[in-house]
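Read off the chains here:
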Amino acid sequence: MTYMPPEYGHLLPRPFSIFSADREKGEVSILFEVRGRGTALLAGMRQGAPVKLLGPLGAGFPALQPDSLLVAGGVGLAPLAFLAASTEQRRTLVYGARTAKQLVCSPAELGLPNLTVVEATEDGSRGKRGTVTDILPGLLPGSRALFACGPQRMLAAVKGQALQAGVPAWISLEERMACGIGACLGCAVQTSGGYRRICRDGPVFPAGEVLFND
Ligand SMILES: Cc1cc2nc3c(=O)[nH]c(=O)nc-3n(C[C@H](O)[C@H](O)[C@H](O)COP(=O)(O)OP(=O)(O)OC[C@H]3O[C@@H](n4cnc5c(N)ncnc54)[C@H](O)[C@@H]3O)c2cc1C
Ligand code: FES
């Protein structure tokens, strides 16, 4: 959770995934898009200005297995790039967005050994034309596990494809958050085990447990 300094008059923190971390330097980086006031304020901060962080919070992805399939939509790339960097085993990232401009990072910028990146844009401006779910049917049969983060509509479709192919899958959910520590219940989502808090029980859940609204 990222808190803005008090002078911005913005009280509630905003949740972000860790994009990369350098444990020796004690640094983490986030990759974010401007959606509203909080992210606009964050984007407008001067370089070197202090930001208070609380985290890491909740439950992340399980350890990567060889031949894992990572699926990211837009800034959903952040936690998957972090996950991909945790190993040098062979793995494939399917990375999609509406347009090339929304593919915020190139495979070269990720610079991760043994990572195959398949890009897709809905308008065909970079990579394959279409959505990540157009690409998955060709890749799921050889995959041992799937990990995904992105817009809810994409996650619902990816969940269906993974379950149908019999590939174990985990998805990272997004919801608006207030406390970030499990107290306010503002981030509850429906699962097969009842309501669960994204900030504390997630944000990563086994795909089969998440009940998406139609
Ligand atoms: C676990 C988690 C990890 C996240 N990781 C990242 C990340 O790595 N990079 C990134 O750019 N964003 C990430 N987000 C989303 C990010 O937290 C929101 O974009 C941010 O809080 C918006 O704040 P704001 O003040 O700019 O927008 P607001 O003014 O609060 O809202 C602007 C608009 O965005 C919508 N919105 C706000 N929050 C969300 C949300 N969580 N999901 C869907 N719609 C929302 C609102 O309904 C509104 O329409 C993550 C969210 C969660 C829960
Ligand atoms: S944000 Fe308060 S319970 Fe999750």
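Thresholds, definitions, all that
Residues numbered from 1 in each chain as written. Chains lettered and ligands numbered in written order. Predicted model: local features only at pLDDT ≥ 70, side-chain atom pairs only at ≥ 80, totals over all residues. Heavy atoms only, no water. Helix = DSSP H or I, 4+ residues; strand = E, 2+ residues; numbered from the N terminus. Rg over C-alpha atoms; globule rule 2.2 N^0.38 Å. Buried < 20%, exposed > 50% of the residue type's maximum accessible area, 1.4 Å probe, protein only. Contact = heavy atoms within 4.5 Å. Areas by Shrake-Rupley, 256 points an atom, 1.4 Å probe, with all protein chains shown as cover. Lys, Arg positive; Asp, Glu negative; His and termini not counted. Charge placed at Lys NZ, Arg CZ, Asp CG, Glu CD. 1 Å grid on protein atoms, 1.4 Å probe; cavity = no way out; pocket = protein on both sides within 12 Å on 5 of 7 lines; lining within 4 Å. Points joined across faces, edges and corners; volume = space filled by probe spheres on them. Nonpolar A, V, L, I, M, F, W, Y, C, P; charged D, E, K, R; others polar. Salt bridge = Lys/Arg side-chain N within 4 Å of Asp/Glu carboxyl O. Patch = residues over 30% accessible without salt bridge, like charges linked within 9 Å, V, L, I, M, F, W, Y side chains within 5 Å. Near = heavy atom within 4 Å. Polar contact = N/O pair within 3.5 Å; in protein donor to acceptor, adjacent residues only side chain to side chain. Pairing = 2+ DSSP bridges. Axes fitted to C-alpha atoms, helices over the stretch in contact; angles between N-to-C directions.

(A) Up close: the overall build of the chain. In terms of helices and strands, the chain carries 5 helices and 13 strands. Against the globule reference of 17 Å for 214 residues, the chain gives a C-alpha radius of gyration of 17 Å, in line with a compact fold. Each principal axis of the C-alpha distribution contributes one length, and for the chain these read about 50 × 40 × 35 Å. The buried share among the 214 residues of the chain stands at 40%. The contacts in the chain between residues at least 6 apart in sequence include a share of 53% that link residues at least 24 apart. Accessible area of the chain: about 11700 Å², with a carbon and sulfur share of 51%. Across the chain, the mean location of the 21 positive side-chain charges is 3 Å away from that of the 17 negative side-chain charges.

(B) Structural detail: the environment of G38. Within the secondary structure layout, G38 lies in helix α1 (residues 37-43). Residues G38 and A72, 34 residues apart in the sequence, show an inter-C-alpha distance of 23 Å.

(C) Structural detail: the layout of surface pockets. Its volume calculated, the second largest pocket comes out at about 200 Å³. Lining the second largest pocket, in full, are T2, V28, S29, I30, F32, L42, V51 and L53. Looking at the lining of the second largest pocket residue by residue, the class counts come to 6 nonpolar, 2 polar and no charged.

(D) Quick look at the pattern of salt bridges. Per the stated rule, a full pass over the model turns up 7 salt bridges. The closest approach of N and O atoms between R35 and E33, which form a salt bridge, is 3.2 Å. By relative accessible area, R35 is classed as exposed at 61%. With a shortest N-O distance of 3.6 Å, E209 and R196 are connected by a salt bridge. Taken together, the residues E209 in the segment after β13 (204-206) and R196 in strand β12 (residues 194-197) connect sequence positions 13 residues apart. In this structure E209 comes out as partly exposed when scored by relative accessible area, which is 27%. Among the ionic contacts, a cluster of salt bridges with common partners joins R196, R197, D201 and E209.

(E) How the structure looks around a nonpolar patch on the surface. Residues V28, V51 and L53 make up a contiguous nonpolar surface patch of about 240 Å² in total accessible area. As for its position among the elements, V51 is in the loop between α1 and β4 (52-53). What makes V51 partly exposed here is its relative accessible area of 35%.

(F) View of the site of ligand 1. Taken together, 20 residues are adjacent to ligand 1, and R14, P15, G38, T39 and R176 come closest. Interatomic distance of 2.7 Å between a backbone N/O atom of G38 and an oxygen atom of ligand 1. A distance of 2.4 Å is found between an oxygen atom of ligand 1 and a side-chain nitrogen or oxygen belonging to T39. When the free accessible area of ligand 1 is taken as 890 Å², the share hidden by the protein chains comes to 78%. By residue number, the principal contributor to the shell around ligand 1 is α1, which donates 3 residues. Taken together, the residues of the shell around ligand 1 break down into 9 nonpolar, 4 polar and 7 charged.

(G) How the structure looks around the sheet that holds strand β5 (residues 68-73). A sheet is described by the order of its strands in space; here 7 strands give the open sequence β8-β7-β6-β5-β9-β10-β13, paired in mixed fashion. The strands lining the two open edges of the sheet, one partner per strand, are β8 (128-129) and β13. Bridge analysis of strand β7 (residues 115-121) against β8 gives 2 bridges, and the strand direction is parallel. Among the inter-strand pairings, T121 is bridged to a residue of β8, identified as R129. Sitting on the sheet, helix α4 (residues 132-139) touches β5, β6 (91-97), β7, β8 and β9 (145-149), and the angle it makes with β6 is about 160°.

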